[in-house]
Amino acid sequence: MTWSYATHYSCDNCMEHYELIQPLNTCPICGGLLEIQYDLDRMKLELHPKLFDSREPSMWRWHEFYPLQNGTNMVSMGEGGTPLLPSVYAGRMLGLSNLYFKNDAMMPTGSFKDRGFSLAVSFAKEMGITRGLTYSSGNAGASFAAYARRAGLDATVLVEYLANPIKKGIIGLYGARTATLHFESMTDITAMLEQAVKELGLYQFVNFINPARHEAMKSYAYEISQALGWKAPDVMIHPVGTGGGIWGAWKGFCELNQLGWIESLPRMVAVQPKATGPIVQAFNQGARHAEKHGDSTQTIAQSIAADAPIQGGRRVLNAVYDSGGFAEAVTNEEIIEAVQWLGNEGICAEPASAASLAALKRAVSAGTVQPDDCVVCVITGSGLKQPSIIQQAVAESQLELTASFDNLNKLLTALWK
Ligand SMILES: *Cc1c(COP(=O)(O)O)cnc(C)c1O
Ligand SMILES: [Zn+2]
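Computed from a predicted model, the values in this text were never measured in an experiment.

A closer look at empty space enclosed by the protein
Item 1. Scanning the model with the defined rule gives 3 cavities of 30 Å³ or more in all.
Item 2. In this model, the largest cavity occupies a volume close to 370 Å³.
Item 3. Around the largest cavity, the lining comprises 30 residues; the ones closest to its centre are Lys113, Ser137, Gly241, Thr242 and Ser303.
Item 4. The set of elements that each furnish at least two residues to the lining of the largest cavity consists of strand 6 (131-136), helix 4 (139-151), strand 9 (235-239) and helix 8 (244-259).
Item 5. A class-by-class count of the residues in the lining of the largest cavity yields 12 nonpolar, 14 polar and 4 charged.
Item 6. Taken as a whole, the second largest cavity encloses approximately 70 Å³ of empty space.
Item 7. Lining the second largest cavity are Tyr135, Met186, Thr190, Val206, Asn207, Gly241, Thr242, Ala306, Ala308, Pro309 and Ile310.

Looking at the pairing of strand 8 (residues 177-181)
Item 1. As defined by bridge partners, strand 7 (residues 154-160) adjoins strand 8 across 5 bridges and the pair is classed as parallel. When the sheet's bridge partners are listed, Leu158 is paired in strand 8 with Ala179.
Item 2. The β-α-β motif built from strand 7, the intervening helix 5 (residues 165-173) and the parallel element strand 8 has right-handed crossover chirality.

Re the site of ligand 1
Item 1. Of all residues adjacent to ligand 1, which total 18 residues, the nearest are Lys113, Asn139, Thr242, Gly243 and Thr380.
Item 2. Contacts to ligand 1 include Gly241, whose backbone N or O atom sits 2.8 Å from an oxygen atom.
Item 3. Here an oxygen atom of ligand 1 and a side-chain polar atom of Thr242 are 2.7 Å apart.
Item 4. Bound to the protein, ligand 1 loses 97% of the 380 Å² it would expose on its own.
Item 5. The pocket occupied by ligand 1, as judged from atoms lying within 2 Å of grid points, is the largest cavity.

Considering the sheet that holds strand 8
Across a sheet, strands are paired by hydrogen bonds formed along the backbone, either parallel or antiparallel in direction.
Item 1. Strand order in the open sheet made by the 3 strands is 6-7-8, with parallel pairing throughout. At either margin of the open sheet sits one strand with a lone partner, and together these are strand 6 and strand 8. Taken over all neighbouring pairs, the strand axes of this sheet differ in orientation by 20 degrees on average, direction set aside.
Item 2. Each of strand 6 and strand 7 touches helix 4; the most contacted strand, strand 6, lies at about 160 degrees to it.
Item 3. Along the sheet, helix 6 (residues 186-200) contacts strand 6, strand 7 and strand 8; its crossing angle with strand 6, the most-contacted strand, is approximately 170 degrees.

A short note on the sheet that holds strand 3 (residues 34-38)
Item 1. Spatial ordering of the open sheet is given by 2-1-3, a layout of 3 strands whose pairing is antiparallel. Each of the sheet's edge strands pairs with one partner strand only, and the pair in question is strand 2 (17-19) and strand 3. In this sheet, adjacent strand axes meet at a mean angle of 35 degrees when their direction is disregarded.
Item 2. Pairing between strand 1 (residues 6-11) and strand 2: 3 bridges, direction antiparallel.

Describing the environment of Lys218
Item 1. Checked against the element boundaries, Lys218 lands in helix 7 (residues 218-227).
Item 2. When the C-alpha positions of Lys218 and Ser4 are compared, they lie 14 Å apart, and in sequence the two are 214 residues distant.
Item 3. Once residues lying within four places of it in the same chain are set aside, the contact partners of Lys218 are Tyr38, Phe65, Gly248, Ala249, Lys251, Gly252 and Glu255.
Item 4. Side chain to side chain, Lys218 and Tyr38 meet in a polar contact 3.3 Å long.
Item 5. A polar contact of 2.9 Å, which involves the side chain of Lys218, links it to the side chain of Glu255.

Notes on the packing of aromatic side chains
Item 1. In total, this model carries 17 aromatic pairs according to the counting rule given.
Item 2. Here the aromatic rings of Phe65 and Tyr222 are separated by 4.3 Å at their centres, their planes lie at 40 degrees, and the arrangement is tilted. In this pair, Phe65 sits in the loop between helix 1 (40-46) and strand 4 (84-86) while Tyr222 sits in helix 7, placing the two residues 157 residues apart along the sequence. Per residue, the accessibility class of Phe65 equals that of Tyr222, and both read buried.
Item 3. One aromatic cluster is present, built from ring pairs that chain together Phe52, Trp62, Phe65, Tyr222, Trp230 and Trp261.
Item 4. The ring of Trp247 carries the charged tip of Arg315 above its face, separated from the ring centre by 4.3 Å.

Section: the pairing of strand 7
Item 1. Judged by how many residues are buried, strand 7 sits mostly within the fold: 5 of 7 residues are covered.
Item 2. Two strands pair when backbone bridges link them, and strand 6 and strand 7 are joined in this way by 6 bridges, in the parallel orientation. Note on strand 7: the bridge partner recorded for Thr134 is Val157.

Considerations on helix 4
Item 1. Between its first and last C-alpha atoms helix 4 spans 18 Å; for 13 residues at 1.5 Å apiece the expected length is 18 Å, and the two agree.
Item 2. Of all 13 residues in helix 4, 10 are buried, a share of seventy percent or more.
Item 3. For helix 4, the set of buried residues is Asn139, Ala140, Gly141, Ala142, Ser143, Phe144, Ala145, Ala146, Tyr147 and Ala148.
Item 4. Against helix 3 (113-126), strand 6, strand 7 and helix 5 lie the buried residues of helix 4.

Scoring rules and cut-offs
Residues numbered from 1 in each chain as written. Chains lettered and ligands numbered in written order. Predicted model: local features only at pLDDT ≥ 70, side-chain atom pairs only at ≥ 80, totals over all residues. Heavy atoms only, no water. 1 Å grid on protein atoms, 1.4 Å probe; cavity = no way out; pocket = protein on both sides within 12 Å on 5 of 7 lines; lining within 4 Å. Points joined across faces, edges and corners; volume = space filled by probe spheres on them. Helix = DSSP H or I, 4+ residues; strand = E, 2+ residues; numbered from the N terminus. Nonpolar A, V, L, I, M, F, W, Y, C, P; charged D, E, K, R; others polar. Pairing = 2+ DSSP bridges. Right-handed = clockwise from strand over helix to strand, strands pointing away. Near = heavy atom within 4 Å. Polar contact = N/O pair within 3.5 Å; in protein donor to acceptor, adjacent residues only side chain to side chain. Areas by Shrake-Rupley, 256 points an atom, 1.4 Å probe, with all protein chains shown as cover. Sits in = over half its atoms within 2 Å of the grid points. Axes fitted to C-alpha atoms, helices over the stretch in contact; angles between N-to-C directions. Contact = heavy atoms within 4.5 Å. Phe/Tyr/Trp six-rings, centres within 6.5 Å; stacked < 30°, edge-to-face > 60°. Buried < 20%, exposed > 50% of the residue type's maximum accessible area, 1.4 Å probe, protein only. Lys NZ or Arg CZ within 6 Å of the ring centre and 35° of its normal. Expected span 1.5 Å × (residues − 1).

Below you can see the structure in the form of structure tokens.
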């Protein structure tokens, strides 16, 4: 049996092909982004959706769709395979009969980043990489640190100065080397990293610069389509920072469509903060290239506070346009309300994740999402890692009780009246 159907890297820019098992970041010739390609024709002949039903529920259930060649190199903590929860509250509030939440707050380190790092660290291990680097506003760093530790890989995380102390603490807990990263704009960071690829040859784990990480985000498409009985949703809403999540999901849906396992494709919706949404700005202008936009210190959605996407966000914008989707910007107030709404679903989401529901509310008002559309909002990360926002979203109870039956009886009478 074939463990992986990946065949080679191809460059987005100059179209050059490269052999798969070598530690490449961006294209050695032109610096373009590399994409991992698969033998979909052979997959169509040799694989069938039923094959996957009986496998373990993690994202490794879909290993044929990843570049890892040998299962013994897998570094896994049970990531992926998260529930697709039907809405019990927001759907009713918005008049939607088919709303779901893909709850990646349940991942090993509390965010969907674990999909990407499980794969990227496994693949790095397979290639004999012994150390690596990423930058992070918190979640990517925590995830990288945890998987790297388990793989025995020496991890360095540049932690954005805006990252909250809990997230910084977790990165340290998992044993990464860290430094606080100061910058004016994301363009400073990408310029630094792109030069480091060329001059240091240090293997990086930054989304898109690392060609494996976002391949794992294809598992969203596989898991969601499987849960819906091998049907794609009509709309998938994903918060966007670098865009690795939304781009990977879109690639996954396209593969399933090419294999003939799903008939239709979802419209992909990119969500960013109003304070800093270069993808949204580009979309509103009909552009395929995003310019630097906004101030990333002004949003509570830290994980999607990115004022300039790598290489103009071309991949992300292509996913949005090619799918017939759209891009939506949301304010801090809208995000807090969405955090509260998700509480009514039994979900504790961090602000960047709640942004997807805030965007849905906007889209329903604007008529871009219809009442009978099947909609999936991705809950990318747990609110437990940004507790100050939870405190802000919920008024503390003013009631007190000194333990006695009489007091309890009075309290309940007051509460239930
Ligand atoms: C990283 C992150 C995002 C954005 O993902 P990208 O792949 O960078 O677009 C969204 N939500 C959370 C919670 C994140 O950690
Ligand atoms: Zn190239």
